[in-house]
Amino acid sequence: MTYAFMIEPDFYTPLHTDEERIEKCQEWGLLSDKATKLKTFYYKGNGLNVPCTIIGFVDHMAAVIQLDNDQKHCIHPAYLKEMQASGFKGTLAAAPDKKAGTPGVVDGSETSSVESSSDDGLVSDAESSDLAGDNSSATEEQPSATDRAIASTASLPGDPDGLVEEYVSPQSASASEDKPKAKTASKAKAAKLDLPEGKVKMTAVVKEFTTVPNHFADNDDEVIIYEAVAILEPDMLEVGEAWSSHSATIKKLDLEVGDTLTFDAKIIKKKLAKHPVPYKINNPSKIQKQ
């Protein structure tokens with residue numbers, strides 16, 4: 001059986017091991033920091049209530065799940081977390097239609113859209129500080145059903161066509177309306193690096209421990225900013241500064257400013273909210289402290 005509503009990713013980063021899945025679920029708030037085993041997750045939208053498996057991600061705001069018929073589907077992690085509640089009904093109110101002619105999907109039946117504040121349809125730097133920060137855990141107390149909308153057509157990083165079953169809070173929508181358009185023309189553009197797609201061997205020096213706002217939780221997210229970041233293998237490439245989540249796995253290393261690390265990881269272009277750091281380190285493994 002094929003589900004017509006499925007939003008299959010054109011490209012995603014797979015999670016190969018249970019350890020990688022557990023760490024990513026902890027970042028998203030789907031598992032506690034103390035969890036050592038995966039649990040069964042359920043997809044309850046579009047009239048379904050079926051087990052699903054988290055198999056990867058497009059970026060931090062787009063998880064990739066696989067349903068019982070082996071179809072792959074993009075979904076916002078916060079919305080997937082809502083589905084795990086025993087009382088979840090899957091009936092959500094549509095967000096106000098701010099841009100005529102750009103339909104969205106609300107629980108597979110209603111339509112909505114959220115107006116992007118940039119002319120090219122992409123989320124602006126100003127908005128990304130609120131919407132695309134590294135939201136490593138979803139809130140325990142979600143907004144009411146009338147305050148939620150999914151599958152807006154506002155583009156997400158890694159989702160240029162807006163085809164992710166998305167969780168949009170009313171606070172985020174309001175912020176995007178109130179913020180002025182980003183003045184990208186006046187910003188000096190750094191040289192664009194040709195980043196590899198898969199995991200590579202890297203080195204980095206811990207520069208700073210900081211936090212960024214998380215609009216889905218009461219507490220800010222902990223992150224690490226690195227300097228002297230470089231790809232060692234397969235080809236040498238100097239990156240400069242990058243950042244990563246200060247995850248439960250990394251906390252076990254008791255890092256300090258100035259520590260030099262080597263590890264395997266995927267690096268992507270993703271700006272840290274409220275910081276001029278353009279690249280993010282995802283899922284570091286085989287971490288060694290020099």
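Calculation criteria
Residues numbered from 1 in each chain as written. Predicted model: local features only at pLDDT ≥ 70, side-chain atom pairs only at ≥ 80, totals over all residues. Heavy atoms only, no water. pLDDT = per-residue confidence, 0-100. Contact = heavy atoms within 4.5 Å. Pairing = 2+ DSSP bridges. Helix = DSSP H or I, 4+ residues; strand = E, 2+ residues; numbered from the N terminus. Phe/Tyr/Trp six-rings, centres within 6.5 Å; stacked < 30°, edge-to-face > 60°. Buried < 20%, exposed > 50% of the residue type's maximum accessible area, 1.4 Å probe, protein only. Lys NZ or Arg CZ within 6 Å of the ring centre and 35° of its normal. Core = buried A, V, L, I, M, F, W, Y, C linked by side-chain atoms within 4.5 Å. Salt bridge = Lys/Arg side-chain N within 4 Å of Asp/Glu carboxyl O. Polar contact = N/O pair within 3.5 Å; in protein donor to acceptor, adjacent residues only side chain to side chain.

**Some words on the confidence of the model for the protein**
And then number 1: Confidence in the prediction of the protein, expressed as mean pLDDT, is 73, and 65% of residues score 70 or more.
And then number 2: In the model, residues 92-158 has pLDDT below 50 throughout and makes 167 contacts with residues more than four positions away in sequence or in other chains.
And then number 3: Low pLDDT, under 50, characterises residues 182-190; the predicted model gives this stretch 3 contacts beyond four residues in sequence or across chains.

**What to know about the pairing of strand 5 (residues 72-75)**
And then number 1: As paired strands, strand 4 (residues 62-66) and strand 5 are joined by 4 bridges and run antiparallel to one another. Bridging across to strand 5, Ile65 finds its partner in His73.
And then number 2: Taking the residues that link successive antiparallel strands as the turn, the strand 4-strand 5 hairpin has 5 residues, and the phi of Asp70 there is positive, at about 75 degrees.

**Examining the packing of aromatic side chains**
Remark: the centre distance and the inter-plane angle together describe each pair of aromatic rings, the angle taken between the planes.
And then number 1: Considering all chains together, one arrives at 3 aromatic pairs under this definition.
And then number 2: Between Phe5 and Tyr43 the ring centres are 5.7 Å apart and the planes differ by 10 degrees, which places this aromatic pair in the stacked class. Of this pair, Phe5 sits in the segment before strand 1 (13-14) while Tyr43 sits in strand 2 (residues 41-43), placing them 38 residues apart in sequence.
And then number 3: Residue class for Tyr43 comes out buried when judged on its relative accessible area of 0%.
And then number 4: What links up through ring pairs into an aromatic cluster is the set Tyr3, Phe5 and Tyr43.
And then number 5: We note Lys24 situated over the ring of Phe57; from NZ or CZ to the ring centre the distance is 4.1 Å.

**Notes on the nonpolar core**
And then number 1: Formed by 23 residues in total, the largest nonpolar core has its most connected members in Tyr43, Ile54, Ile65, Leu67, Ile75 and Leu80.
And then number 2: Within the residue set of this core, elements represented by two or more residues are helix 1 (18-28), strand 2, strand 3 (50-59), strand 4 and helix 2 (77-83).
And then number 3: Of the residues forming this core, the biggest block, 4 residues, is contributed by strand 3.
And then number 4: Leaving out residues up to four positions away in the same chain, Leu67 has contacts with Tyr3, Met6, Tyr43, Leu48, Val50, Pro51, Cys52 and His73.

**Re the pattern of salt bridges**
And then number 1: Enumeration over the complete set of coordinates arrives at 6 salt bridges.
And then number 2: Between Glu241 and Lys207 there is a salt bridge whose closest N-O contact spans 2.4 Å. Of this pair, Glu241 sits in strand 8 (residues 237-245) while Lys207 sits in strand 6 (residues 200-212), and the two are 34 residues apart along the sequence.
And then number 3: Judged by relative accessible area, Lys207 falls into the partly exposed class, the value being 35%.

**Section: the side chain of Gln71**
And then number 1: Along the chain, Gln71 turns up in the loop between strand 4 and strand 5.
And then number 2: When its relative accessible area of 11% is taken as the criterion, Gln71 is described as buried.
And then number 3: Among the polar contacts listed, one links the side chain of Gln71 to the side chain of Glu8, at a separation of 3.5 Å.
And then number 4: Not counting chain neighbours up to four residues away, the residues in contact with Gln71 comprise Met1, Thr2, Tyr3, Met6, Glu8, Ile65 and Gln66.

**Here's the deal with the environment of Gln26**
And then number 1: By the secondary structure assignment, Gln26 is in helix 1.
And then number 2: A sequence separation of 222 residues divides Gln26 from Ala248, and the C-alpha atoms of the two residues are 8.1 Å apart.
And then number 3: Only 3.1 Å separates the side chain of Gln26 from the backbone oxygen of Ser32, close enough to count as a polar contact.

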